[in-house]
Amino acid sequence: MNEIEKLTAPRFTVKDVTVHEKKRVYKGHFAVDNYIVSYKKFTGGETRKLVREIFERDAEAVAIVPYDPKTDEVVLIEQFRPGALNDPVSPWLIEIVAGMIDPGETREEAACRELYEEAKLKITKADLELVSSLYPSPGGTSEVVTIYIARINSEHLATNGGLAVEDEDIRIFKVKAQDAFNLCKTGRICNCAAMVGLMYLELNYDKIRQKV
């Protein structure tokens, strides 16, 4: 184990947490669970019993950057987000394709399905490159999002997508990869998964572009 591995190795595990009580206090489109927990401290001993509310989706999510290496274009989507109602620009955010993993699905299967449902793009699991799995906001939600780059053909791109049964209203468009990177830097793209996926594409740009 090198010095960085030693420095970043976990000091505790889930075994060092005591869940005294867990109760679901709300269930609607999403859910909220109430926890009473205590856990070991870095300075020794254990915390007092703490009450924490956790936002639950009851499923993991996937997010996909659709990239066409032949035209060097990224497919983006725009849709209304109630969590962005206080955004100074607009609650319609520019994002990448994303959605929840259905029961029985693998992450890759969900990525392929969501890409077709939201952007009308057909791919196979072989077209996916894993970026990472991450916690967008672990202080308040248990959600895990797995991000992929998807090699796609954007030649006949639809202009609208989403499932009517889920009341999705999605605008589909494409931009040059460098323009997408710049949209992250200017703040026009402010969705966490989109920024992580696009930054990964920028960092690995030459390698990914060669996979035509």
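All chains use their own residue numbering, which begins from 1 and follows the written sequence. At least 70 in pLDDT is required for a residue's local features to be given in this predicted model, at least 80 for side-chain atom pairs to be given and counted, and no such filter applies to totals for whole chains, interfaces and linings, which use all residues. In computing side-chain properties, one takes all heavy atoms of the structure into account and sets aside hydrogens as well as water.

## Considering the nonpolar core
Nonpolar side chains tend to gather and get buried jointly when the protein is soluble and globular. Ranked by internal contacts, the top residues of the largest apolar core, which has 27 residues, are Tyr 67, Val 74, Leu 76, Ile 149, Leu 198 and Leu 201. In terms of residue count, helix 4 (residues 192-203) provides more of this core than any other element does, five residues in total. Every residue pair with non-hydrogen atoms within 4.5 Å of one another is taken to be in contact. What Leu 76 contacts, discounting residues up to four positions off in sequence, is Ile 94, Glu 95, Ile 96, Arg 171, Ile 172, Phe 173, Val 175, Leu 183, Ile 189 and Leu 198. The next biggest cluster of nonpolar side chains, apart from the first, holds 20 residues, and it includes Ala 111, Ala 150, Ile 152 and Ile 172. Definition of nonpolar core: a set of buried residues of the types Ala, Val, Leu, Ile, Met, Phe, Trp, Tyr and Cys, connected through side-chain atoms within 4.5 Å. Think of it in three bands: with a 1.4 Å probe and only protein chains considered, a residue is buried below 20% of the maximum accessible area for its type, exposed above 50%, and partly exposed in between. Secondary structure elements follow DSSP: runs of H or I of four or more residues count as helices, runs of E of two or more count as strands, with numbering from the N terminus.

## Re the packing of aromatic side chains
What characterises a pair of aromatic rings is the spacing of the ring centres plus the angle enclosed by the ring planes. For Phe, Tyr and Trp, rings pair up if their centres lie within 6.5 Å, where Trp contributes its six-membered ring, and each pair is then called stacked (planes under 30 degrees apart), edge-to-face (over 60) or tilted (otherwise). For the structure on display, the rule yields four aromatic pairs. Here Phe 30 and Phe 55 contribute two aromatic rings whose centre-to-centre distance is 4.9 Å and whose plane-to-plane angle is 55°, an arrangement assigned as tilted. Highlighted residues: Phe 30 in the loop between strand 1 (17-27) and strand 2 (31-39) and Phe 55 in strand 3 (residues 50-56), separated in sequence by 25 residues. Note on Phe 181 and Tyr 205: the rings are 6.1 Å apart at their centroids and 85° apart in plane angle, and the pair reads as edge-to-face. Of this pair, Phe 181 sits in helix 3 (residues 177-186) while Tyr 205 sits in helix 5 (residues 205-209), and the two are 24 residues apart along the sequence.

## A short note on the environment of Gln 210
Following the sequence through the fold, Gln 210 ends up in the segment after helix 5. Judged by relative accessible area, Gln 210 falls into the exposed class, the value being 64%. In this structure the C-alpha to C-alpha distance between Gln 210 and Pro 69, which are 141 residues apart in sequence, comes to 7.5 Å.

## Describing the side chain of Asp 16
Within the secondary structure, Asp 16 sits in the loop between helix 1 (3-8) and strand 1. On the accessibility criterion, Asp 16 (16% relative accessible area) is buried. With sequence-adjacent residues up to four places away left out, Asp 16 is seen in contact with Ser 38, Tyr 39 and Lys 40.

## Topic: the packing of helix 3 against helix 4
Think of two packed helices as two axes; the pair is described by the angle between the axes and how far apart they sit. Contact geometry for helix 3 and helix 4: axes closest at 10 Å, N-to-C directions at 130°. Between helix 3 and helix 4, the angle falls in the class oblique. Along this stretch, helix 3 crosses helix 4, giving a crossing that reads as left-handed. In this structure, helix 3 contributes Ala 180, Phe 181, Cys 184 and Lys 185 to the contact, and helix 4 contributes Met 195, Leu 198, Leu 201 and Glu 202. Three classes are used, and their members are as follows: Ala, Val, Leu, Ile, Met, Phe, Trp, Tyr, Cys and Pro are nonpolar, Asp, Glu, Lys and Arg are charged, and the others, Gly among them, are polar. Classifying every residue of the contact of helix 3 with helix 4 by side-chain character gives six nonpolar, no polar and two charged. Inter-axis angles, ranging from 0 to 180 degrees, are taken between N-to-C directions of lines fitted to C-alpha atoms, where helices are fitted over the stretch in contact. Angles below 35 degrees are treated as roughly parallel, those above 145 as roughly antiparallel, those between 65 and 115 as roughly perpendicular, and all remaining angles as oblique. Two helices crossing with the near one rotated counterclockwise from the far one by less than a right angle form a left-handed crossing, whereas a clockwise rotation gives a right-handed crossing.

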